[in-house]
Amino acid sequence: MKSDISEALFERAVKVLPGGVNSPVRAFGSVGGSPRFISRAKGQYIYDEDGNKYIDYIGSWGPMILGHNDERVVEAVKKQAEKGLSFGAATRLEVEMAELICESVPCAEMIRMVNSGTEAVMSALRAARGFTGRDKIIKFEGCYHGHADPMLVKAGSGVMTYGAPDSAGVPEGCARDTLTAVYNDASSVELLFSEYPDSVACVIVEPVAANMGLVPPADGFLQRLRELCDKYGALLIFDEVITGFRLSLGGAAEYFGVRPDLVTYGKIIGGGMPVGAYGGRRDIMSVVSPLGKVYQAGTLSGNPMAMSAGITQLRILKNEPGIYENIKSLGERFRNGIRSVLEKAGLTFAVNGIGSLSCLYFNKGDVYDYRTAKQSDTDQFAAYFRHMLNAGSYMGPSQFEAVFISNAHTEEDIDKTVHDAEEYFGL
């Protein structure tokens, strides 16, 4: 595929943007070449500035669960734009959004809107500390919770790709109270609790780890976290920026039947527009200002443009439950197709997945935590990525990103992508 315009844009971008991008996950440094500059999108397709068309398996990193530019969502945004872009004051829409989330997610009794997943996590941690009067938090290797200082300790996704598990510029004191456990190993959490029995405010976890590829929780893992938090008086936080409203209407909490104390959401509740939220038990959320002493604010929180898009999308998901069965079926078709290709090629690479989320690891062993994910052959992934991109399938430019399937994808799309994988493996 031609990429002349994208390459020219990248040459301009590197002069004015760090690395030529506004987020490391968009960079092609680990896979080679220049990033494609996207001009428009519709349904399951995106189109770059050179006119190339791709089957999109990123979906703006998850929120485009209906596909790009769903007409109902776009119409809602247009109507709101005519009324005003931002008011910095209370609106009916933010109340309707909060009610919709609380109705859909049993663990969410109160919600506070913010502007990103990072902000949601940062605020939830502060609420947990304020409620418990404790300072330490437990997170997991390879789980990414945004770029707030205390979370950039053995994080996943972009920092895994570029070999920097910790970030420069984070003062030692900011990370001092962040304890790190092993995902899918509840005994590692219990060990930390036994060492700090009265100091841990919360355990925060991606219920499905989607920033070291895609690693589902082992049987009983999330349930054991709930038990340990109850035993030691700590709060359990589910970071559902990826899984919220994607695994099911009630997210991972509903899917796995485990009730967290707090939950965080990201751009899916804004139909892809910049937005986030955190919420949970009423007594915990009541410590947040202006009710309580935990301060958190944001001029654009509950922005009417994002609320209008998000309400429309969430109502569609609520009123059309068949969407979840469809994207799950497509996800299974994708995984089964890739496994069939690998079997024909005589390979035993790991293929992980759940619902509409998947990941092919160039790894000959099972992938169930950060350590095993890091054993993947990133050079082989880079070659695979370039082949698939040139064949018309747009995936995350990192071994450690998930494939996202939307309701706009078709069986034909999946079959084409599987066929392109066959060509890569020489079949």
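Here the structure is a predicted model, which is why all the values come from computation and not from measurement.

## A word on the environment of Asn352
Then, number 1: Tracing the chain through its elements places Asn352 in strand β11 (residues 350-354).
Then, number 2: For the pair Asn352 and Pro274, spaced 78 residues apart in the sequence, the C-alpha separation amounts to 29 Å.
Then, number 3: Excluding anything up to four places from it in sequence, Asn352 contacts Leu214, Val215, Pro216, Arg335, Leu357, Ser358, Cys359, Tyr361 and Val367.
Then, number 4: At 3.0 Å, the side chain of Asn352 forms a polar contact with the backbone oxygen of Leu214.

## Details of the packing of helix α3 (residues 92-104) against helix α11 (residues 304-319)
Then, number 1: Where α3 contacts α11, the axes come no closer than 9 Å and their chain directions differ by 30°. Taken as axis vectors, α3 and α11 run roughly parallel relative to one another. Crossing geometry of α3 relative to α11 is assigned as left-handed. Contacts from Leu93, Glu94, Glu96, Met97, Leu100, Ile101, Glu103 and Ser104 of α3 reach α11 at Pro304, Met307, Ser308, Gly310, Ile311, Leu314, Arg315 and Lys318.

## Considering the side chain of Gln399
Then, number 1: Mapped onto the fold, Gln399 is located in the loop between β13 (393-394) and β14 (403-404).
Then, number 2: A distance of 2.9 Å separates a polar side-chain atom of Gln399 from the backbone oxygen of Leu360.

## Digging into the sheet that holds strand β12 (residues 357-361)
Then, number 1: Spatial ordering of the open sheet is given by β11-β12-β14, a layout of three strands whose pairing is antiparallel. Of all strands in the sheet, those with a lone pairing partner are β11 and β14, marking the two edges.
Then, number 2: Across two bridges, the pairing between β12 and β14 is antiparallel. Paired with Ser358 across the two strands is Val403, which belongs to β14.
Then, number 3: Most of the contacts of helix α12 (residues 322-344) go to β11, to which it runs at about 170°, and overall it touches β11, β12 and β14.

## Some points on the layout of surface pockets
Then, number 1: In this structure, the second largest pocket spans a volume of roughly 360 Å³.
Then, number 2: Forming the walls of the second largest pocket are 21 residues, and the residues nearest its centre are Glu94, Arg112, Met113, Ser301 and Gly302.
Then, number 3: Of all the elements in the fold, those that place two or more residues in the lining of the second largest pocket are α3 and β4 (110-114).
Then, number 4: Among the elements that make up the lining of the second largest pocket, the one with the highest residue count is α3 (four residues).

## Some words on the pairing of β12
Then, number 1: Counting buried positions over the five residues of β12 gives five, a clear majority of the element.
Then, number 2: The alternating pattern of β12 places Leu357, Cys359 and Tyr361 on one face and Ser358 and Leu360 on the opposite face, and all of these are buried.
Then, number 3: Alignment of β11 against β12, held across five bridges, turns out to be antiparallel. Bridge pairing links Asn352 to Cys359 in β12.

Here is what the cut-offs are and how they apply
- Residues numbered from 1 in each chain as written.
- Predicted model: local features only at pLDDT ≥ 70, side-chain atom pairs only at ≥ 80, totals over all residues.
- Heavy atoms only, no water.
- Helix = DSSP H or I, 4+ residues; strand = E, 2+ residues; numbered from the N terminus.
- Contact = heavy atoms within 4.5 Å.
- Polar contact = N/O pair within 3.5 Å; in protein donor to acceptor, adjacent residues only side chain to side chain.
- Axes fitted to C-alpha atoms, helices over the stretch in contact; angles between N-to-C directions.
- Parallel < 35°, antiparallel > 145°, perpendicular 65-115°, else oblique.
- Left-handed = near helix turned anticlockwise from the far one by under 90°.
- Pairing = 2+ DSSP bridges.
- 1 Å grid on protein atoms, 1.4 Å probe; cavity = no way out; pocket = protein on both sides within 12 Å on 5 of 7 lines; lining within 4 Å.
- Points joined across faces, edges and corners; volume = space filled by probe spheres on them.
- Buried < 20%, exposed > 50% of the residue type's maximum accessible area, 1.4 Å probe, protein only.

All we've got here are geometric facts, nothing functional implied.
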